[in-house]
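A closer look at the structure
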Amino acid sequence: MLKYSIKRLLYSAIILIFVMFIIYTLMYVMPGNYVQQKAMELATKPGATKSADEWLEDLNRQYGMDQGIIKGYFTWLRSAVHLDFGDSWKWNKACTQVFSERIWYSFALNVVTMFFEIIIAIPLGIHAARNQYGFSDYFATVFSMACISMPSFFLITILKLVFAVKLKWFDLTGMVDPRIHDSLSKFGQFLDIAKHYVLPVITITIISIGGLMRYTRTNMLEVLSSDYIRTARAKGVPERKVIYSHAFRNTLIPLITILGGSLVSLFSGAIITEQLFGLTGIGQASYQSMVVGDIPFTMFYLMFISILTLLGNLLADLLYAAADPRVRLA
Amino acid sequence: MSEKEELKKTSAKAASGAKEGKKKTSYISAKDSRRITKFNRKITKKLENDREEAGKDPASYTTKMRDPNNVVEFDNMCTYFFSDVGTVKAVDGISFDVPKCSTVGVVGESGCGKSVTSLSLMQLLQRPAGQTVGGEIRLNMGDGTALNIVNTPVEKMQELRGNYISMIFQEPMTALNPVFRIGRQVNEVIELHNPEMTEEEVKARTMEMLELVGIANKEGVYEMYPHELSGGMRQRICIAIALACRPGLIIADEPTTALDVTIQAQILDLLQNLKDKINSSIMLITHDLGVVAGMADYVVVMYAGRVIEKGTADDIFHHPAHPYTIGLMKSKPVVGKKVDALYNIPGSVPNPVDMPNYCYFRDRCEMHCEHCSGKYPPEIRISDTHVVSCYRFFETGEVLGYPKTVDVEGLLNG
């Protein structure tokens with residue numbers, strides 16, 4: 001197991017280097033990049049002494065954009081290996097500092113969402129499978145399909161219209177209520193933030209339960225029709241135990257793989273939801289950085305996501321082996 | 001007297017009606033399909049409700065055995081499947097007994113209702129589509145009373161399964177839960193039916209069972225997962241699970257089909273020995289006549305959802321009476337006898353959705369007579385132990401009764 005993990009980690013490192021190279025190239029060749037915009041801005045300022053082209057040359061040198069893709073990438077890689085990701089152009093701070101200021105807001109959002117996702121989707125999936133083609137199955141199917149198909153921005157707009165504009169239960173955007181937040185006690189401040197998290201959590205939960213519910217249902221149906229379930233019934237095992245011990249333990253195998261893989265996505269932030277609700281999480285920061293072409297921060301964020309994905313895959317494989325005695329890693 | 005005359009009349013009528021009454025059943029229009037779905041929904045709901053009602057009152061499912069020396073009596077049992085193409089009468093009015101401490105072989109070709117019979121006895125049918133709609137299955141409880149399995153509620157069934165009746169399945173490779181250790185799977189059935197036993201006692205019993213079924217490395221196997229064992233070993237584990245609570249009846253549903261011939265012989269020997277050790281009966285379901293000949297005391301031959309002949313092994317193998325049984329006997333290879341090609345019975349089984357109203361075997365039968373176009377033949381006793389459903393013995397034998405079918409449309413209205 002240890003040997004396997006080390007091997008996988010080494011492979012992952014190599015994959016990561018290539019992935020980052022592709023991302024760097026894309027960022028570098030993007031038209032209207034940060035430096036070009038900055039040069040235009042400086043050249044059109046009143047009292048500008050240099051033309052846009054001169055500014056561009058100047059700035060390219062300052063920002064290290066004059067080295068070409070290959071050399072530029074390796075310069076970035078060399079400092080990245082030393083955990084120096086440079087300063088964000090947009091935020092004028094070290095990338096790691098921006099990251100540590102914002103990551104926990106995203107993490108909290110995703111943890112709460114995942115909790116609700118699991119406690120809603122899995123029981124719903126099991127219930128639907130037990131009543132296949134019954135009313136509750138069709139209801140769950142339609143509901144989950146609607147959830148999967150719903151674009152998040154549309155759902156957010158509806159939720160805002162109903163709960164923020166009409167009912168006035170929540171604020172439209174923001175993390176805190178700026179009028180009263182500073183006057184509240186520590187616990188009051190926490191509750192204030194929690195209140196602003198309600199709509200974002202509802203949004204992401206609704207969008208994500210559909211997939212997990214369908215997945216649980218399909219797997220449960222497959223397991224329920226298998227021979228060993230019939231054996232369990234023939235032994236006289238009560239139906240509840242058949243479902244929740246014999247069948248669920250087998251359904252859990254693919255679910256663990258999926259959920260294990262998505263454990264790391266707890267840190268990845270939710271770009272659209274955070275942006276639309278004005279949550280100052282990592283997703284919002286990365287969105288705003290990408291819009292202005294902030295290469296250091298985007299590189300840092302995408303590297304973080306890539307590492308999470310690779311680790312998530314490894315974790316899923318390890319969990320798969322732990323859950324299913326038939327799987328042995330070598 | 002008049003019964004026989006009447007029969008002649010109906011046979012003439014049926015013969016003329018058979019031609020025009022023939023319709024295509026392979027194609028179903030959207031309208032028919034909707035009608036069938038609606039009907040199925042109604043009838044299964046009604047049957048489920050009836051079952052629930054009957055399950056509330058123990059009096060409705062306690063009965064008496066006809067003969068206290070039987071473990072199980074099937075009495076005109078009907079099991080139907082309400083499928084999307086119509087009602088499939090998988091088992092339609094079968095009657096036979098399983099006497100104590102004996103082996104009853106149930107033979108017949110694929111799809112004749114052998115497995116459905118055993119699943120009905122365990123109440124393991126895929127409900128709500130599969131339903132036992134009529135007749136009785138009486139299970140001897142050993143204290144003078146009997147239970148009618150057809151109406152027994154699920155909670156009561158759970159006490160019976162594995163304890164009074166247990167089942168060994170056809171496919172040992174998939175019959176064990178892949179994520180639990182062997183020990184746990186054998187322990188489970190013992191714990192369930194003997195809640196008073198301590199953990200150590202349960203484990204000791206499991207070890208005893210593993211030894212009984214001939215597992216050499218029982219300590220090791222106890223800790224193993226099913227995928228670490230071979231097919232023969234797994235079937236032994238299944239047998240250990242089935243026998244762990246010393247049930248009165250073991251249903252073996254083609255227990256050796258998935259195994260190679262040497263293992264097959266070992267498993268059958270094992271079953272036979274263990275049966276005698278714990279004084280239980282075996283209901284051996286198979287389509288392998290050789291296996292039946294070697295194991296069974298009594299043989300029941302099924303065809304298209306009905307019992308067509310039953311008797312002792314000697315009756316069936318040496319004096320087969322029904323043309324179908326005779327055909328079966330001719331179709332099995334015999335060592336030392338040289339033939340160019342084995343006999344095969346012409347034609348095929350009728351469509352189970354739309355069974356004819358005359359003998360199901362008539363169209364394939366080389367010996368049919370004028371009676372055969374009349375209604376389905378009754379059970380006819382031709383010796384003390386030998387019963388056959390064939391009109392060739394109508395004049396000579398003692399007529400016992402016709403198989404009772406269930407009118408599902410009437411069930412809904414009545």
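Residues numbered from 1 in each chain as written. Chains lettered and ligands numbered in written order. Predicted model: local features only at pLDDT ≥ 70, side-chain atom pairs only at ≥ 80, totals over all residues. Heavy atoms only, no water.

Turning our eyes to something else, we now look at the overall build of chain A. Within chain A, the regular secondary structure consists of 13 helices and zero strands. From first element to last, N terminus to C terminus, chain A shows the α and β order α-α-α-α-α-α-α-α-α-α-α-α-α. With 330 residues in all, chain A has 44% of them scored as buried. Across chain A, the fraction of contacts at a sequence separation of at least 24, relative to all contacts at a separation of at least 6, is 72%. Accessible surface, chain A: about 17400 Å² in total, of which carbon and sulfur atoms supply 68%. Computed over 29 positive and 22 negative side-chain charges, the inter-centroid distance for chain A is 11 Å. (Helix = DSSP H or I, 4+ residues; strand = E, 2+ residues; numbered from the N terminus. Buried < 20%, exposed > 50% of the residue type's maximum accessible area, 1.4 Å probe, protein only. Contact = heavy atoms within 4.5 Å. Areas by Shrake-Rupley, 256 points an atom, 1.4 Å probe, with all protein chains shown as cover. Lys, Arg positive; Asp, Glu negative; His and termini not counted. Charge placed at Lys NZ, Arg CZ, Asp CG, Glu CD.)

Assigned secondary structure in chain B consists of 14 helices and 14 strands. Its C-alpha atoms give chain B a radius of gyration of 23 Å, within 12% of the compact-globule value 22 Å for 414 residues. Referenced to the eigenvectors of the C-alpha coordinate spread, the extents of chain B come out at roughly 70 × 60 × 45 Å. In chain B, which comprises 414 residues, the share counted as buried stands at 53%. Sequence-distant contacts in chain B: of pairs separated by 6 or more residues, those separated by 24 or more amount to 67%. (Rg over C-alpha atoms; globule rule 2.2 N^0.38 Å.)

A few words now on the nonpolar core. All names here are of chain B. Judged by nonpolar contacts, the single largest core of 38 residues is most densely connected at Val72, Phe74, Phe96, Leu121, Leu249 and Met283. Considering each element in turn, this core owes the most residues, five residues, to strand S3 (residues 86-99). Not counting residues within four places of it along the chain, the set of residues in contact with valine 72 comprises Met65, Phe96, Asp97, Val98, Leu121, Ile137, Arg138, Leu139 and Leu249. Among the nonpolar cores identified, the runner-up in size contains 37 residues, and Ala175, Val189, Val213 and Ile278 belong to it. (Core = buried A, V, L, I, M, F, W, Y, C linked by side-chain atoms within 4.5 Å.)

It is common to report an interface's size as the accessible area lost on association of the parts. Residue and element names in this part refer to chain A. Here chain A is partitioned into domain 1 (17-81) and domain 2 (95-323). Taking only C-alpha atoms into account, the centre of domain 1 sits 37 Å from that of domain 2. A combined buried area of about 980 Å² lies between domain 1 and domain 2, and 83% of that area is made up of carbon and sulfur atoms. The tally of links from domain 1 across to domain 2 stands at zero residue pairs in polar contact (both at pLDDT 80 or more). The element contributing the most residues to the side of domain 1 that touches domain 2 is helix H1 (residues 2-29), with five residues. Considered class by class, the residues forming the side of domain 1 that touches domain 2 number nine nonpolar, no polar and no charged. (Domains from an automatic or database assignment. Buried area = accessible area lost by both parts, 1.4 Å probe. Polar contact = N/O pair within 3.5 Å; in protein donor to acceptor, adjacent residues only side chain to side chain. Nonpolar A, V, L, I, M, F, W, Y, C, P; charged D, E, K, R; others polar.)

Applying the stated criterion across every chain yields a total of four cavities of 30 Å³ or more. Here the largest cavity defines a volume of roughly 100 Å³. Lining the largest cavity are 13 residues, and of these Thr231 and Lys235 of chain A together with Met167, Ile241 and Ala242 of chain B sit closest to its centre. Mapped onto the lining of the largest cavity, the elements with two or more residues apiece are helix H9 (227-234) of chain A together with strand S7 (165-168) and helix H9 (231-243) of chain B. Of the residues contributing to the lining of the largest cavity, the split by class is nine nonpolar, three polar and one charged. (1 Å grid on protein atoms, 1.4 Å probe; cavity = no way out; pocket = protein on both sides within 12 Å on 5 of 7 lines; lining within 4 Å. Points joined across faces, edges and corners; volume = space filled by probe spheres on them.)

Turning to helix H3 (residues 52-63) of chain A, a few remarks are in order. Think of an α-helix as turning once every 3.6 residues; residues three or four places apart then point the same way. All names here are of chain A. The terminal C-alpha atoms of H3 lie 16 Å apart, and with 12 residues this matches the ideal 16 Å at 1.5 Å per residue to within 8%. Burial in H3 covers these residues: Trp55, Asp58 and Leu59. One face of H3 carries all of its buried residues, which in axial projection span an arc of 95 degrees. With respect to the buried face of H3, the exposed residues turned more than 90 degrees away are Asp53, Glu57 and Arg61. Buried residues along H3 sit in contact with helix H2 (34-43). Remark: glycine 64 follows H3 within two positions and exhibits a positive phi of approximately 75 degrees. (Expected span 1.5 Å × (residues − 1). Arc of directions from axis to C-beta.)

Moving on: the interface of chain A and chain B. Taken residue by residue, the interface counts 20 residues in chain A and 25 residues in chain B. Of the roughly 2100 Å² buried between chain A and chain B, counting both surfaces, carbon and sulfur atoms make up 58%. The tally of links from chain A across to chain B stands at two salt bridges. Glutamate 188 of chain B is the partner of lysine 241 of chain A in a salt bridge, and the nearest nitrogen-oxygen pair spans 3.5 Å. One can count 12 residue pairs in polar contact (both at pLDDT 80 or more) joining chain A with chain B. Elements represented by at least two residues in the side of chain A that touches chain B include exactly H9 and helix H10 (239-263) of chain A. The residue makeup of the side of chain A that touches chain B, split by class, is seven nonpolar, five polar and eight charged. (Salt bridge = Lys/Arg side-chain N within 4 Å of Asp/Glu carboxyl O.)

A few words on helix H4 (residues 69-81) of chain A. Residue and element names in this part refer to chain A. Over its 13 residues, H4 extends 18 Å from the first C-alpha to the last, a length consistent with the 18 Å expected when each residue adds 1.5 Å. Where H4 is buried, its residues touch H1 and helix H13 (295-323). A positive backbone phi angle near 60 degrees is found at leucine 83, which sits one or two residues after H4.

Turning our eyes to something else, we now look at the sheet that holds strand S11 (residues 306-312) of chain B. Residue and element names in this part refer to chain B. Strands sit in the order S7-S8-S9-S4-S10-S11-S13-S12-S14 across an open sheet of nine strands; the sheet is mixed. Since the sheet does not close on itself, it has two edges, and those belong to S7 and strand S14 (398-401), each with one partner. Strand direction decides the pairing type here: strand S12 (residues 379-381) and S14, joined by three bridges, are antiparallel. Within S14, the position partnered with isoleucine 380 by the bridge is valine 399. Taken strand by strand, helix H10 (residues 261-277) contacts strand S4 (103-107), S7, strand S8 (249-253) and strand S9 (281-286), and its axis lies near 155 degrees from that of S9. (Pairing = 2+ DSSP bridges. Axes fitted to C-alpha atoms, helices over the stretch in contact; angles between N-to-C directions.)

Residues and elements named next belong to chain B. By secondary structure assignment, the location of valine 300 is in strand S10 (residues 298-303). Its relative accessible area of 3% is what places valine 300 among the buried residues. Through-space distance from the C-alpha of valine 300 to that of lysine 114 is 9.8 Å; in sequence the pair is 186 residues apart. The contacts of valine 300, once residues within four sequence positions are left out, are Phe96, Val104, Gly105, Val106, Val107, Val307, Glu309 and Lys310.

Its boundaries defined by the atoms lining it, the largest pocket holds a volume of some 1900 Å³. Lining the largest pocket are 46 residues, with Arg130 of chain A together with Gln126, Arg127, Pro128 and Ala129 of chain B sitting closest to its centre. Among the elements that take part in the lining of the largest pocket, helix H2 (residues 30-56) of chain B stands out by supplying 11 residues, more than any other. In terms of residue class, the lining of the largest pocket is built from 16 nonpolar, 15 polar and 15 charged. Of the voids in this model, the second largest pocket is the one considered here, and its volume is about 870 Å³. Taken together, 33 residues form the lining of the second largest pocket, with Thr87, Lys89, Val353, Asp354 and Met355 of chain B sitting closest to its centre. Taken together, the elements giving at least two residues each to the lining of the second largest pocket come down to H2, S3 and helix H14 (408-413) of chain B. By residue number, the principal contributor to the lining of the second largest pocket is H2 of chain B, which donates five residues. A breakdown of the residues in the lining of the second largest pocket according to their chemical character gives 15 nonpolar, seven polar and 11 charged.

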